[in-house]
Amino acid sequence: MTDMQARHLKDYRAPDYTISDVHLTFELDPERTRVTARSTVSRLNSEATQLTLDGDELKLLSVSIDGKPCNDYQTTDSGLELPLPVDSAELEIVTEINPKANSKLEGLYLSDGAYCTQCEAEGFRRITYFLDRPDVLARYQVRVEAPLSDFPYLLSNGNLIAQGSLDGDKHYAEWQDPFPKPSYLFALVAGDFDCLNDSFTTRSGREVALQVFVDKGNLNKADHAMASLKHSMKWDEERFDLEYDLDIYMIVAVDFFNMGAMENKGLNLFNTKYVLADKASATDTDFHGIESVIGHEYFHNWTGNRVTCRDWFQLSLKEGLTVFRDQEFSSDLGSRTVNRIDAVKAIRNAQFAEDAGPMAHPIRPESVIEMNNFYTVTVYNKGAEVIRMMHTLLGESGFQAGMKLYFERYDGQAVTCDDFVAAMEDASGVDLTQFRRWYSQAGTPTVAVSHSYDAKSQRFELTLSQSTPDTADGSAKLPFHIPFDIELLDGNGKAIELRDEQGAQINSVLNLCESEQTFVFSQVPCEPVVSMLREFSAPVKLDYQFSEAQLTHLIRFASNEFSRWDAAQALATKLILENVARLQGGEACQPPKDLISAFEGLLGQTNADLAFVAECIATPEFAALVDASGKADVDALLEARAYHREQIGAQIQQVLADTYANLANEQSPTPASRALKNQCLSYLAAAGVPKAKALCQSQFDSADNMTDSLAALAAVALYKVPGADEMLKQFEQKWVKVPLVMDKWFALQGSRNDEDVLERMEYLCSHQAFSMSNPNRVYSLIGSFANRNPANFHKADGSGYRFLTERLIELNSLNPQVASRLITPLIQFQRFDVKRQELMKGELSRLLAMPDLAKDLYEKVSKALDA
Ligand code: TRP
Ligand code: ZN
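Each value, and the rule that gives it
Residues numbered from 1 in each chain as written. Chains lettered and ligands numbered in written order. Predicted model: local features only at pLDDT ≥ 70, side-chain atom pairs only at ≥ 80, totals over all residues. Heavy atoms only, no water. Helix = DSSP H or I, 4+ residues; strand = E, 2+ residues; numbered from the N terminus. Rg over C-alpha atoms; globule rule 2.2 N^0.38 Å. Buried < 20%, exposed > 50% of the residue type's maximum accessible area, 1.4 Å probe, protein only. Near = heavy atom within 4 Å. Polar contact = N/O pair within 3.5 Å; in protein donor to acceptor, adjacent residues only side chain to side chain. Areas by Shrake-Rupley, 256 points an atom, 1.4 Å probe, with all protein chains shown as cover. Nonpolar A, V, L, I, M, F, W, Y, C, P; charged D, E, K, R; others polar. Salt bridge = Lys/Arg side-chain N within 4 Å of Asp/Glu carboxyl O. Donors = N, O, S within 2.8 Å, 3.2 Å for Na, K, Ca; no water. UniProt positions renumbered as here; feature names shortened; annotations may be inferred. Pairing = 2+ DSSP bridges. Axes fitted to C-alpha atoms, helices over the stretch in contact; angles between N-to-C directions. Phe/Tyr/Trp six-rings, centres within 6.5 Å; stacked < 30°, edge-to-face > 60°. Lys NZ or Arg CZ within 6 Å of the ring centre and 35° of its normal. Expected span 1.5 Å × (residues − 1). Arc of directions from axis to C-beta. Contact = heavy atoms within 4.5 Å.

K.L.:
Got a minute to help me understand the overall build of the protein chain in this structure?
P.N.:
Scanning the protein chain from terminus to terminus reveals 27 helices and 32 strands. Its C-alpha radius of gyration of 28 Å places the protein chain within 12% of the 29 Å reference for a compact globule of 867 residues. Structurally, the protein chain occupies a C-alpha span of about 90 × 70 × 60 Å along its principal axes. Within the protein chain, the proportion of its 867 residues that are buried is 60%.

As structure tokens, this is what we get:
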């Protein structure tokens, strides 16, 4: 099983040969597309005599070198080898591929009849034999031929340089991309679309044509994507001083897509989910997601495309940085606090679990079996947190100076994470030597906090100590450089100025670099309440036993909104976990009194940011509670969490109902007002208060937008409000022809905690709107069952685990990348009880025994069973 071998960062070697120019011709055909690749190859290592090209599922038709047929090549499992003992050569390779049979959606495939490509990370080798690695940068010229009637649009990267008609019904187009790029940024699209046209004038006065291509009939759903693109272009000029570099920017939306979107040079491919939206069919969350993903792909043009990765171990070079950039974009355009909350939830609900599981890896992994497995919350989201910490340490101007130097040094090159940090360091003068450990060490550090106060000398001492548990990857655990942002509050909730022992004012961000450090503050008039890890200044866990009184104080008085939210979540978590302990001890749960009064206070604030209040009163997700528990008692946790919501809904039902009524009557509702209104509705439904049914029904019947319609539907479906099935049916009938809306319906069905959900899952898998070959449908129905339905997924008899495993077996051959994304909750079994662990491992063993297990699943399953 040679292809199950891991590759290691330490084995990186520069390529022996490179390709400077490539000319590709595609004669498109559903089952027999012919690809002719003419490459200018030059030798970099004068000792090299053999060229080894990557290839996967290709039918080789011919090879020629400098115009002469070549026959002494060899095809292997992973590609093609040919003798090439020369400094340069023109290589022509003709291959045939079958887009229709390509259910992996990697390489060239068909999505609803349109040809499209996905090459990152290693999909280009499924199109032609090539040096398919990011440190080989070539100029591309691409000719596409296809029948005119079905494929009026023939697109590729860069600028259109020629087009015309051919014999029969055929036509062709030729594209040239002036910027050398790695093969993973190649793209081709051929199909019939509706196209939204617009333009953007850059700061230096160049006009860029903007085009958004969507399935016919969807033109009216492309406006928000286009607006988001223009906002992104403007923002990148203003905040990062970066301008777009081609004369055209195209976005194509396709329904069959493994991930969110792809930043191919000048020709982004998008999952329809991140393009199509109108008020009737998309929620406020969808609109926000579109803006952020459009931004993300656009920002890649500089952070990813102009400067790319030397090798795939460096993925966070582009992804962590680009996520940081899209988060800043969303924060500058919308609510900074709410965006920060979203980012932190991604870390606490998913990244911490990854660190604690068998796939733990540093943001720059050291060993990889299947690269697709490393497009993770660690590389992306923790990667963005690492960039954010540098931003905190350097400040905006130091950070921007670092970015500028980074582009000055590396534009047009394929570089490493170390190169990025060096630019930041050199431009700012800040020493990042120790900080670099964030790139090489996996795991979630815990910062334990203790303090003492001496009233007489007015000295306050804060002792921070850090430790990082071992992780499955065995990476070293030396102390990290942790920026730790604090605030001291007095008894009236006023912030106390931070002064060091000499009395000098100091910054609120403490640099914790040792295993343990004590920070001394002077002129502290009273024993303070400490707001810690403000803004989540580092991706760590806190070990500090806040009292209820301290948390309530922070909820009211912390000067930073994020900290107030954090305190509210910490208090809810604490109270739920205390009830878990009571249940385990055979006692009854107790109502979350302090939280209830804090919520009344929050809901009573007239001038608050409503979206912020909605986040504050939200109940911590099951996943966050599992993380906070260490070892989770599923049944007690579910019971305590449900009790918690019922109590809140019942005890402040009047405030919730009044808030709901006020917001429902608003003349001009906003996403923020809807968020709070629907949070109230959800508590009322959870508590089963008598009027919940009527409120949900009337909101559902009268809603003119998907946010409200779906919120009402979710409230009845998830809290067993009478009439739920009837409403679900109505919704289904109305939307059965709109796949993205059916995804919401499937997701809701998959997360219902009713007894008969497994039977229903079987039926849903055969629903006319469902398809195992479409990743969006699969993530909606099966993903929600595995990730958002703990009661059924973790059923004590193992039926939930078995159901997921059966689907994984199907997906293993259909689309291993999707299978591998879905398996996550099954490999994170360490946090559950022994019985459940055994059941999960049993299913994993079943997978491991499969004769044709793809390496995507093999990597995860084998690591999980080794652990
Ligand atoms: N580079 C893409 C992004 O972050 C994501 C990506 C990687 C991707 N591999 C993919 C998208 C495969 C679709 C399919 O924006
Ligand atoms: Zn990205």
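K.L.:
Would you mind going over the site of ligand 1 with me for this structure?
P.N.:
The immediate surroundings of ligand 1 are formed by 15 residues, with E120, E263, E297, E319 and Y380 found nearest. Between ligand 1 and K318, the relevant distance is 3.5 Å, taken from a nitrogen atom to a side-chain nitrogen or oxygen of the residue. Taking 360 Å² as the accessible area of ligand 1 by itself, protein coverage stands at 97%. Of all the secondary structure elements, the ones that give two or more residues to the shell around ligand 1 are strand 20 (261-262), helix 2 (284-299) and helix 3 (315-333). When its residues are assigned to classes, the shell around ligand 1 shows six nonpolar, four polar and five charged.

K.L.:
What's the story with the pattern of salt bridges in this structure? I'm lost.
P.N.:
A pair can form between side chains of opposite charge whenever their charged atoms are brought close. For the structure shown, the criterion picks out 73 salt bridges. In this structure, R239 and E396 form a salt bridge, with 2.9 Å as the shortest nitrogen-oxygen distance. Taken as a pair, R239 in helix 1 (residues 223-240) and E396 in helix 5 (residues 377-410) lie far apart in primary sequence, 157 residues in all. Residue R239 is classed as buried on the basis of its relative accessible area of 16%.

K.L.:
Sorry if this is basic, but what is going on with the coordination of the zinc ion (ligand 2) here?
P.N.:
Each donor-metal-donor angle in an ideal tetrahedron of four donors is 109.5 degrees, and each such angle in an ideal octahedron of six donors is either 90 or 180 degrees. Surrounding the zinc ion (ligand 2) are the protein donor atoms H296 (NE2), H300 (NE2), E319 (OE) and E319 (OE), at 1.9 to 2.7 Å. In terms of primary sequence, the donors binding the zinc ion (ligand 2) are separated according to H-x3-H-x18-E. In this pair, H300 sits in the loop between helix 2 and strand 22 (308-309) while E319 sits in helix 3, placing the two residues 19 residues apart along the sequence. With respect to class, H300 is no different from E319; both count as buried.

K.L.:
I would appreciate a short explanation of the UniProt feature "domain: Peptidase M1 membrane alanine aminopeptidase" (unreviewed entry) in the protein chain in the present structure.
P.N.:
The positions UniProt marks with the feature "domain: Peptidase M1 membrane alanine aminopeptidase" (unreviewed entry) are residues 225-438. A helix fraction of 56% and a strand fraction of 9% characterise residues 225-438, whose end C-alpha atoms lie 35 Å from each other.

K.L.:
Even after reading the chapter, I still don't get the sheet that holds strand 10 (residues 107-111), so can you show me in this structure?
P.N.:
Strand order in the open sheet made by the four strands is 10-11-16-13, with antiparallel pairing throughout. Across the chains shown, the open sheet's two edge strands, defined by having one partner strand only, are strand 10 and strand 13 (153-156). On average, each strand axis in the sheet is inclined to that of its neighbour by 20°, with strand direction left out of account. In the sheet, strand 11 (residues 114-118) pairs with strand 16 (residues 188-191) via two bridges, with the strands oriented antiparallel. Bridged to Y115 within strand 16 is A190.

K.L.:
Even after reading the chapter, I still don't get the packing of aromatic side chains, so can you show me in this structure?
P.N.:
How two aromatic rings sit relative to each other is given by the distance of their centres and the angle of their planes. Applying the stated criterion to the full structure yields 36 aromatic pairs. Relative to F186, the ring of Y140 has its centre 6.0 Å away and its plane inclined at 25°; by these criteria the two rings are stacked. Here Y140 is found in strand 12 (residues 138-147), whereas its partner F186 is found in the loop between strand 15 (170-181) and strand 16, with 46 residues between them in sequence. A relative accessible area of 0% means that F186 is categorised as buried. Taking the centre distance of 6.5 Å and the plane angle of 45° together, the rings of Y153 and F193 count as tilted. Of the two residues, Y153 is situated in strand 13 and F193 in the loop between strand 16 and strand 17 (194-201); the sequence distance between them amounts to 40 residues. Residue Y153 is classed as partly exposed on the basis of its relative accessible area of 28%. On the basis of relative accessibility, which here comes to 3%, the residue F193 falls in the buried class. Taken together, the ring pairs connect W235, F240, Y244, Y249, Y298, F299 and F329 into an aromatic cluster. Directly above the aromatic system of F179 lies the positively charged group of K265, at a separation of 4.3 Å from the ring centroid.

K.L.:
Sorry, what's going on with helix 18 (residues 724-735) here?
P.N.:
Since one α-helical turn is 3.6 residues long, residues separated by three or four positions face the same way. Helix length check: helix 18 (12 residues) gives 17 Å between terminal C-alpha atoms against 16 Å at 1.5 Å per residue, within 8%. Among all positions of helix 18, only A724, M727, L728, F731, E732 and W735 are buried. The buried residues of helix 18 occupy an angular sector of 140° when projected down its axis, which confines them to one face. Counted as exposed and oriented over 90 degrees from the buried face of helix 18: D725, E726, Q733 and K734. Lining the buried residues of helix 18 we find helix 16 (692-702), helix 17 (706-718), helix 19 (739-751) and helix 20 (757-765).

K.L.:
Could you clarify how one ought to interpret the pairing of strand 12 in this entry?
P.N.:
Each regular strand carries side chains that alternate between the two faces of the sheet. Judged by how many residues are buried, strand 12 sits mostly within the fold: eight of 10 residues are covered. Direction of pairing for strand 2 (residues 17-27) relative to strand 12: parallel, over a ladder of seven bridges. Across the sheet, residue V22 finds its bridge partner in strand 12, namely Y140. Where strand 12 lies against strand 15, nine bridges are found, and the strand directions are antiparallel. Residue pairing for strand 15: V142 is matched across the bridge by W175.

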